[in-house]
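# Structural features, examined
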Amino acid sequence: MISDAPALPGAARGGPDISVIIPCYNEVRNVAPLVAALDRALAGRHWEVVFVDDNSPDGTTQAVRALAQKDARVRGLCRVGRRGLSSAVIEGALSSSAQIVAVMDGDLQHDDSRLGALIDAVQSGECDIAVGSRHVEGGNNAGLANAWRHALSDGGIKLAQMVLPVRLSDPMSGFFALRQDVFAAVAPRLSGTGFKILLDLLLSSSKPLRVQEVPCGFRARLAGESKLDALVMLQFLALVLDKLCRGWLPLRFVAFCLVGSVGVGVNLAVMQSIRTMGGDFPVAQGVGTVVAMILNFVLDNNITYRDKRLRGLRFVGGLLAFMLVCSIGAVANVGVAQMLFQAHEGLTQASVAGAILAVVWNYAVSSTVVWRV
């Protein structure tokens, strides 16, 4: 049966050969300059750009949509309830049918004039992934804002080089290109957490990827704020541990337990302080418990569940739900411990069993109720 439907414009030409994936958050002022820069850098090539925006409050998605109405090469994905550079890159890359996928930041710090060299290196077949490197001859790292950010970046590079299966001078780079089929093959094994998707790709591949480094400058930021901070580096460390442990260690649970141990220490310190000032034990215990719960919630919200952080009224609602969950866990802890102790188990064994039950309960319910997507 022959369809009478008219052919779509450009149907004979097919989709783009190159997809440039740009994860972004609060980058509204950079959208138009980025598209203009790509137009210059990729002149004569068949390309598209995919902005993956984590529902920025500054109107980044609206700016992308406005451009997309005028330029068919511009696409946007707006993610609601999800955060994180790595997961944004994964979703953007898997939405593409192009043969080559390139990744760059949305802050204009990557040298877009080197994008063509990255794509050519991959298209030549000489490598599986081409990396824009600041630490080979011809590259520079001048765009990092201060000595603290230089130290964070340099420390991350040294750590990554210790575990990588390939030699790479700049494993912290966020500017690279690779074939779509290579990305799709590695994607099921990616952690998708944190900000270092390149490191995730290299550590998740079932076989070492062939890497070629292309000299690249790193420019000063023109708009927006840097995402590189101490918490990002903690996520980076968690990614390395996750890959070294082959994924069997639930790192979010480990972080939850570590935060809980901090809460225990704070609880004891507050309780002892109130007792020292003459307060009754029940009052001291109650105040210490509430302070510890609030601290645990704040730390979990900013570290353990950083990619699902609650803000505004959701923060208040989440805190109340978290305190309710932990209160139920505390009751279960005491009940199980008492039951086992009465069954002639040792005091230590009974206490440990109760504590384990409480931690598992708090984590499971917090993940599904408090920080649900």
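Residues numbered from 1 in each chain as written. Predicted model: local features only at pLDDT ≥ 70, side-chain atom pairs only at ≥ 80, totals over all residues. Heavy atoms only, no water.

### Overview of the overall build of the chain
- Within the chain, the regular secondary structure consists of 12 helices and 7 strands.
- Evaluated residue by residue, the chain yields a buried proportion of 45% over its 373 residues.
- For the chain, contacts bridging at least 24 residues in sequence account for 76% of all contacts bridging at least 6.
- Counting only carbon and sulfur atoms, one obtains 62% of the accessible surface of the chain, whose full area is about 18,600 Å². (Helix = DSSP H or I, 4+ residues; strand = E, 2+ residues; numbered from the N terminus. Buried < 20%, exposed > 50% of the residue type's maximum accessible area, 1.4 Å probe, protein only. Contact = heavy atoms within 4.5 Å. Areas by Shrake-Rupley, 256 points an atom, 1.4 Å probe, with all protein chains shown as cover.)

### Considerations on the packing of aromatic side chains
- Inspection of every chain in the model, using the stated rule, returns 6 aromatic pairs.
- With centroids separated by 4.3 Å and ring planes inclined at 5 degrees, the aromatic side chains of Tyr 305 and Trp 371 adopt a geometry described as stacked. Residue Tyr 305 is located in the loop between α10 (281-304) and α11 (313-342), and its partner Trp 371 is located in the segment after α12 (347-370); the two are separated by 66 residues in the primary sequence.
- On the accessibility criterion, Tyr 305 (0% relative accessible area) is buried.
- Centre to centre, the rings of Phe 322 and Trp 371 are 5.8 Å apart; their planes meet at 70 degrees, and the pair counts as edge-to-face. Placement of the pair is Phe 322 in helix α11 and Trp 371 in the segment after α12, with a sequence separation of 49 residues. The residues Phe 322 and Trp 371 share a single accessibility class, namely buried.
- Each residue in the set Phe 297, Tyr 305, Phe 315, Phe 322 and Trp 371 is aromatic and connected to the rest through ring pairs, giving one cluster. (Phe/Tyr/Trp six-rings, centres within 6.5 Å; stacked < 30°, edge-to-face > 60°.)

### Observations regarding the pairing of strand β2 (residues 47-53)
- Of all 7 residues making up β2, 7 are buried, and the element is well covered by its neighbours.
- Burial of β2 is two-sided: the residues Trp 47, Val 49, Phe 51 and Asp 53 facing one way and the residues Glu 48, Val 50 and Val 52 facing the other way are all buried.
- Where strand β1 (residues 18-24) and β2 come together, 7 bridges link them in parallel fashion. In the sheet register, Ile 18 faces β2, and the bridge partner there is Trp 47.
- Chirality of the crossover, the property in question, places the unit of β1, helix α1 (residues 31-41) and β2 among those that are right-handed.
- Inspection of the sheet shows β2 paired to strand β3 (residues 74-78) by 5 bridges, in the parallel sense. In the strand pairing of β3, Val 52 is matched with Leu 77.
- Taken together, β2, helix α2 (residues 60-68) and β3 constitute a β-α-β crossover, and its handedness is right-handed. (Pairing = 2+ DSSP bridges. Right-handed = clockwise from strand over helix to strand, strands pointing away.)

### Examining the side chain of Thr 61
- Relative to the assigned elements, Thr 61 resides in helix α2.
- Residue classification places Thr 61 among the buried positions, given a relative accessible area of 9%.
- Discounting chain neighbours no more than four positions away, the residues touching Thr 61 are Asp 53 and Cys 78.

### Topic: the sheet that holds strand β5 (residues 129-133)
- Taken in spatial order, the 7 strands of this open sheet run β3-β2-β1-β4-β6-β5-β7, and their pairing is mixed. Of all the strands in the sheet, the pair left with one neighbour each is β3 and β7 (211-215). Mean inter-strand twist for the sheet, computed between neighbouring axes without regard to direction, equals 20 degrees.
- Judged from the 5 bridges that link them, β5 and β7 form a sheet pairing that is parallel. Counterpart to Val 131 in the pairing with β7 is Glu 213.
- Across the sheet, helix α4 (residues 115-123) is in contact with β1, β4 (100-103), β5, β6 (176-179) and β7; its angle to β6 comes to roughly 25 degrees. (Axes fitted to C-alpha atoms, helices over the stretch in contact; angles between N-to-C directions.)

### So, the confidence of the model for the chain
- Residues with a pLDDT of 70 or more make up 73% of the chain, whose mean pLDDT is 79.
- Confidence drops under a pLDDT of 50 for residues 1-12, and excluding neighbours within four residues, the segment shows 0 contacts in the predicted structure. (pLDDT = per-residue confidence, 0-100.)

### Describing the pattern of salt bridges
- Enumeration over the complete set of coordinates arrives at 10 salt bridges.
- Linking Arg 73 and Asp 71 is a salt bridge whose minimum nitrogen-to-oxygen distance equals 2.9 Å.
- Overall, Arg 73 belongs to the partly exposed group, its relative accessible area being 27%.
- Residue Asp 71 is classed as buried on the basis of its relative accessible area of 16%. (Salt bridge = Lys/Arg side-chain N within 4 Å of Asp/Glu carboxyl O.)

### A short note on a nonpolar patch on the surface
- Taken together, the side chains of Val 283, Val 287 and Val 291 present a nonpolar region at the surface, about 200 Å² in accessible area.
- The topology assignment puts Val 291 in helix α10. (Patch = residues over 30% accessible without salt bridge, like charges linked within 9 Å, V, L, I, M, F, W, Y side chains within 5 Å.)

### A short note on α2
- Among all positions in α2, only Thr 60, Thr 61, Ala 63 and Val 64 are buried. Along α2, the residues classed as buried sweep out an arc of 160 degrees about the axis, all on the same side.
- On the buried face of α2, the contacting elements are β1, α1, β2 and β3. (Arc of directions from axis to C-beta.)

### Description of the environment of Gly 329
- Residue position: Gly 329 is located in helix α11.
- Sequence separation of Gly 329 and Trp 361 is 32 residues, and the distance between their C-alpha atoms is 6.2 Å.
- Excluding residues that lie within four positions of it along the chain, Gly 329 makes contacts with Ala 358, Trp 361 and Asn 362.

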